[in-house]
Amino acid sequence: MIIVMGHTATDGEINAVVDRVHEIGLKTELSRGEERTLIGVIGANAYAYREAFSHLSGIHEIIPITKPFKLASREFRAQNTVVDVGGVKIGAEEVVVMAGPCSVEGEEMLLETARHVVAQGAKVLRGGAFKPRTSPYSFQGLGEAGLKMMAAARDETGLKVVTEVVSPNDVEMVARYADILQLGTRNMQNYALLQEAGRSGKPVLLKRGMSSTIEEWLLAAEYVLSQGNRGVILCERGIRTFETATRFTLDLNAVPLVRELSHLPVIVDPSQATGRHSLVGPMSLAAVAGGAHGLIIEVHPTPNQALSDGAQSLDFAAFDRLMADLRRLLGAMAKQLA
Ligand code: PEP
Ligand code: MN
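Below is a short write-up of the structure. (Residues numbered from 1 in each chain as written. Chains lettered and ligands numbered in written order. Predicted model: local features only at pLDDT ≥ 70, side-chain atom pairs only at ≥ 80, totals over all residues. Heavy atoms only, no water.)

**Structural notes on the overall build of the protein chain**
Thought 1: Looking only at helices and strands, one finds 10 helices and 14 strands in the protein chain.
Thought 2: In summary, the protein chain has a C-alpha radius of gyration of 21 Å against a globular reference of 20 Å for 338 residues, a match within 12%.
Thought 3: The buried share among the 338 residues of the protein chain stands at 54%.
Thought 4: When contacts within the protein chain are restricted to residue pairs at least 6 apart in sequence, those whose partners lie at least 24 apart make up 68%.
Thought 5: Of the roughly 14,100 Å² of accessible surface on the protein chain, 50% is carried by carbon and sulfur atoms.
Thought 6: For the protein chain, the centre of its 34 positive side-chain charges and the centre of its 38 negative side-chain charges are spaced 2 Å apart. (Helix = DSSP H or I, 4+ residues; strand = E, 2+ residues; numbered from the N terminus. Rg over C-alpha atoms; globule rule 2.2 N^0.38 Å. Buried < 20%, exposed > 50% of the residue type's maximum accessible area, 1.4 Å probe, protein only. Contact = heavy atoms within 4.5 Å. Areas by Shrake-Rupley, 256 points an atom, 1.4 Å probe, with all protein chains shown as cover. Lys, Arg positive; Asp, Glu negative; His and termini not counted. Charge placed at Lys NZ, Arg CZ, Asp CG, Glu CD.)

Next comes the structure, spelled out in structure tokens:
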């Protein structure tokens, strides 16, 4: 439920409403807009309690939130959330490109890739140090050594760093090196991990579960938001369907739909979604045309030697072509890269 305070409501009136809501055992989330203050009231069946405070002064209106996700919903916040990652704004008009290898394989390849993608206009370096591989016998990542390499690449290039965390026990350590914590498709419903990442206070890139509905995805975001963490970036990365010709099926419906349902930024990962480097460029353009706030793209100096996801990784020349195409598309849309 949302309590909409009147234009002229004083801080005293706002605090009185908040205190009353807490007294009856519900939680609040304050959203101070330019015109009005909204008090989100969170708790099972919160709307049923409205008469316990509806008489308090300064209240303009009390509205039920009809969606199961509350803090993530457009009803709760009409304006888009912009996640500010040290000056890189995700969710604003400019499109943010995140790029880098699937896995951090070593210092040289990482630096070479970072230097290349930053020169082309990427703002965030991706690279997994902890890899959630389908097989326990596949390369699992370099762990903390890989995180140190990511931090060194940031120091040299100025790129922000996004990297995956796979266990609640590692959140604190990964958060020491990363600017954005990536939560992968296989962990979208790992609630302990979602909450721990929420508590870290770091922005969270939340991949959609490969078999999850949009509602389940937004409820996963709700777990992070409910820890007081405002910085959730949603990432559509393809879902399982009957189609086997591509690794997953990129659900581009999700992009404009999530923008209707939620105020959170949404980006697209065409690399995991397609599994084929030749499809990454076209689907990147389609994603941006459909309203994605950004892209996360796998780039490798020598994709055929990659330790993970080589088939879907762009080499430098293909990345350059994509960036040029993207700039042309954005020009036609009267938009820009961040
Ligand atoms: C990745 O980004 O390399 C990755 C493993 O992503 P996802 O969780 O979407 O499969
Ligand atoms: Mn990958």
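That shown, we press on.
**Observations regarding the pairing of strand S3 (residues 37-42)**
Thought 1: Counting buried positions along S3 gives 5 out of 6 residues, so the element sits mostly inside the fold.
Thought 2: When strand S1 (residues 2-5) meets S3, the two strands line up antiparallel, connected through 3 bridges. Within the sheet, the bridge partner assigned to Val-4 lies in S3 and is Leu-38.
Thought 3: Pairing geometry for strand S2 (residues 27-32) and S3, over 6 bridges, is antiparallel. Bridge pairing links Leu-30 to Ile-39 in S3.
Thought 4: Two successive antiparallel strands, S2 and S3, enclose a turn made up of 4 residues. (Pairing = 2+ DSSP bridges.)

**Some words on the sheet that holds strand S4 (residues 59-63)**
Thought 1: Judged by pairing direction, the sheet is antiparallel, and its 4 strands sit side by side in the order S2-S3-S1-S4 without closing on themselves. Each of the sheet's edge strands pairs with one partner strand only, and the pair in question is S2 and S4. Going across the sheet, the axis of each strand differs from the next one's by a mean of 20 degrees, ignoring polarity.
Thought 2: The sheet strands contacting helix H1 (residues 11-23) are S1, S2, S3 and S4, and the helix crosses S2 at an angle near 155 degrees. (Axes fitted to C-alpha atoms, helices over the stretch in contact; angles between N-to-C directions.)

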